[in-house]
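# A closer look at the structure
The primary structure of each chain is shown beneath.
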Amino acid sequence: MTEYKLDFLQKSANTGSDDMRRINVLAFQYISLHYIKYFAIILFALVMFLVGFDYMGSAEKLNNLSANLLLIYIVYKAFYAIDLLLPLSLIFAMISTKILLIRSNALVSFYSLGYSRVDILKPFVVVSTIVIIAFISMHSISNFARANEFANNISNNAEYLSPTRDLFFTHEDKFVYISKMLPLQERAEDIRVFSLKNNSLKEVLVASKASYRDEFWHIKQADIIEKPDDINFKSLGINVTQMNNLQILNGFRPKMLDQVYEGKVNFTIKDAIDAYMLLDSQNINTDVIKSAIYKIFIYPFFVPSLVVIIFFFVPMSVRFLNVSLFSFGAILSSLMIWAVLFALVELSNNKTISSEVGIILPAIILFLIALRQWRKYRLTT
């Protein structure tokens, strides 16, 4: 890589203006390759550390698992670690790459050839943005988005998706109780649907089983228990009617029920959007769903903003910089900012603060600071 750098710098010095576009591409590739290399190394190291640390803490539970389940558990924990640490790895990789350019005097050479700070920054911003977009798209995969939930189910129940029990929720002015739901099989057992009229119980639907297909929950056989409007000694009493082939809960997919009404926040993109649209149409509180959507689409973009902010604090040469002290300070400040943002996301997920304040506002503040820095140095170089 050193020979490539020397050859690249010699070509840059001896090339006319007609070839500057090609030279710019070579500079972009040179910086991007180092950035991607450090990103892969740091992400791998952090993921292995988190997975290993978790395994040591859960060794007693995991010793009873079969080899297959143990391997699946480790894979899911690795997915969760990537979900958690990928944004931080991009920032650490930028710091490492910038230190490399300073130590090797490549940064000074770039500036002496006419490259501005913004020109050197562009590869970091472009690569980090592309990685973040790919990272967001990975949340459309259930095994990635819900990896920590699946791993915890394996350690606690020796199965990666355990049944959900005792669901109770409202739907179109009705109260629904499901004793046991199996999301993978798309089945539910022991269902009760309570209908109200004038704030009084009118009828109860009782069914032993239901299955989900074609956007509806299908019940082969159910008993409808109707209560008379006026309860007195002359009323006919409770009427029980047996009904066949009923359809209830339009649009409530099993995974949606499992996550929304269990208070889980690790949604896939499709589940989060569908859940928001369905609950919003029924005037049900959607704060948790909005928080999950913002976490997927807004929160990761703090990375390019923070890359820009940190980049411009770094001098161009080791003469003006204590590299060890700067590395420590940059890593510590990155960790602190990431920890604050992560804490705000968790507070939003728990509805302690609004998701707009906990997720969107910090992302906007970082973006505005980064934009100011970008414009300042673009105009001065």
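Notes on the structure in this doc start here.

Rules and cut-offs
- Residues numbered from 1 in each chain as written.
- Predicted model: local features only at pLDDT ≥ 70, side-chain atom pairs only at ≥ 80, totals over all residues.
- Heavy atoms only, no water.
- Pairing = 2+ DSSP bridges.
- Helix = DSSP H or I, 4+ residues; strand = E, 2+ residues; numbered from the N terminus.
- Axes fitted to C-alpha atoms, helices over the stretch in contact; angles between N-to-C directions.
- 1 Å grid on protein atoms, 1.4 Å probe; cavity = no way out; pocket = protein on both sides within 12 Å on 5 of 7 lines; lining within 4 Å.
- Points joined across faces, edges and corners; volume = space filled by probe spheres on them.
- Nonpolar A, V, L, I, M, F, W, Y, C, P; charged D, E, K, R; others polar.
- Core = buried A, V, L, I, M, F, W, Y, C linked by side-chain atoms within 4.5 Å.
- Buried < 20%, exposed > 50% of the residue type's maximum accessible area, 1.4 Å probe, protein only.
- Contact = heavy atoms within 4.5 Å.
- Parallel < 35°, antiparallel > 145°, perpendicular 65-115°, else oblique.
- Left-handed = near helix turned anticlockwise from the far one by under 90°.
- Patch = residues over 30% accessible without salt bridge, like charges linked within 9 Å, V, L, I, M, F, W, Y side chains within 5 Å.
- Areas by Shrake-Rupley, 256 points an atom, 1.4 Å probe, with all protein chains shown as cover.
- Salt bridge = Lys/Arg side-chain N within 4 Å of Asp/Glu carboxyl O.

## Section: the pairing of strand 2 (residues 174–182)
Here strand 1 (residues 164–171) pairs with strand 2 via seven bridges, running antiparallel. Paired with Thr170 across the two strands is Phe175, which belongs to strand 2. Where strand 1 folds back onto strand 2 in an antiparallel hairpin, the turn is made up of two residues, including Glu172, whose phi is positive at roughly 50 degrees. Here strand 2 runs beside strand 3 (residues 187–197); their pairing, made up of eight bridges, is antiparallel. Following the sheet pairing, Tyr177 is matched in strand 3 by Arg192.

## Quick notes on the sheet that holds strand 6 (residues 239–248)
Strands sit in the order 1-2-3-4-5-6 across an open sheet of six strands; the sheet is antiparallel. Only two strands of the sheet have a single neighbouring strand rather than two, namely strand 1 and strand 6. Strand-to-strand, the axes of this sheet are offset by a mean angle of 20 degrees, without reference to chain direction.

## Some remarks on the layout of surface pockets
If you add up the space inside the largest pocket, you get close to 350 Å³. Along the walls of the largest pocket sit 21 residues, with Tyr80, Asp83, Asn266, Lys295 and Glu346 positioned nearest its centre. Broken down by secondary-structure element, the contributors of at least two residues to the lining of the largest pocket are helix 4 (67–103), helix 7 (142–145), helix 8 (147–157), helix 11 (287–297) and helix 13 (323–349). Lining of the second largest pocket is provided by 16 residues; of these, Phe301, Pro304, Ser305, Phe367 and Ala370 occupy positions nearest its centre. Of all the secondary structure elements, the ones that give two or more residues to the lining of the second largest pocket are helix 6 (117–137), helix 12 (302–311) and helix 14 (355–380). Here the lining of the second largest pocket gets seven residues from one element, more than from any other, and that element is helix 14. Considering only residue class, the lining of the second largest pocket consists of 14 nonpolar, two polar and no charged.

## Some points on the pairing of strand 5 (residues 216–226)
Pairing of strand 4 (residues 200–213) with strand 5, which is carried by seven bridges, proceeds in the antiparallel orientation. What sits directly across from Arg213, in strand 5, is Phe216. Where strand 4 hands over to strand 5, the hairpin turn is made up of two residues, of which Asp214 adopts a positive phi near 55 degrees. Pairing geometry for strand 5 and strand 6, over nine bridges, is antiparallel. Bridging from a neighbouring strand, His218 pairs with Gln247 of strand 6.

## Comments concerning the nonpolar core
By size, the foremost hydrophobic cluster in this structure holds 65 residues, and its most contacted members are Phe110, Ile120, Phe124 and Phe302. Mapped by element, the contributors of at least two residues to this core are helix 2 (20–57), helix 4, helix 5 (106–112), helix 6, helix 11, helix 12, helix 13 and helix 14. With 15 residues, helix 4 is the largest single contributor of residues to this core. When residues no more than four places from it in sequence are discounted, the contact partners of Phe302 are Pro87, Ile91, Trp338, Leu341 and Leu366. Counting residues in each nonpolar core, the second largest holds 29 residues, with Leu205, Ile224, Leu249 and Ile293 among its members.

## Overview of the environment of Phe302
Relative to the helices and strands, Phe302 is located in helix 12. Using a relative accessible area of 1% as the deciding quantity, one classes Phe302 as buried. Taking the C-alpha atoms as reference points, Phe302 and Ala363, 61 residues apart in sequence, are found 5.6 Å from one another.

## Here's the deal with the packing of helix 12 against helix 13
Running from N to C, helix 12 and helix 13 point in directions that differ by 150 degrees, and their axes come no closer than 12 Å. With respect to helix 13, the axis of helix 12 lies roughly antiparallel. For the pair helix 12 and helix 13, the sense of crossing is right-handed. Across the interface between the two elements, Phe302, Leu306 and Ile310 of helix 12 pack against Ala330, Ser334, Ile337, Trp338 and Leu341 of helix 13. Here the residues of the contact of helix 12 with helix 13 sort into seven nonpolar, one polar and no charged.

## Remarks on empty space enclosed by the protein
All chains considered together, the criterion is met by one cavity of 30 Å³ or more. Approximately 50 Å³ is the volume found for the largest cavity. As for the largest cavity, its lining consists of Tyr299, Phe302, Leu341, Val345, Gly358, Ile359, Pro362 and Ala363. Of all elements in the fold, only helix 13 and helix 14 reach the threshold of two or more residues within the lining of the largest cavity. Ranked by residue count, the leading element in the lining of the largest cavity is helix 14, at four residues. Residue composition of the lining of the largest cavity, by class: seven nonpolar, one polar and no charged.

## A look at a nonpolar patch on the surface
A cluster of nonpolar side chains, namely Phe49, Phe53, Tyr55, Met56 and Ile74, defines an oily patch on the protein surface of about 560 Å² accessible area. Its location among the elements puts Ile74 in helix 4.

## Some details on the pattern of salt bridges
One pass over the structure, following the stated rule, counts seven salt bridges. Among the salt bridges present, the one from Lys77 reaches Asp54, with a minimum N-O distance of 3.7 Å. Within this pair, whereas Lys77 is found in helix 4, its partner Asp54 is found in helix 2, the two being separated by 23 residues in sequence. You can call Lys77 buried: its relative accessible area is 6%. Overall, Asp54 belongs to the buried group, its relative accessible area being 18%. Of the charged contacts in the structure, one is a salt bridge between Glu149 and Arg146, with a shortest N-O distance of 2.7 Å.

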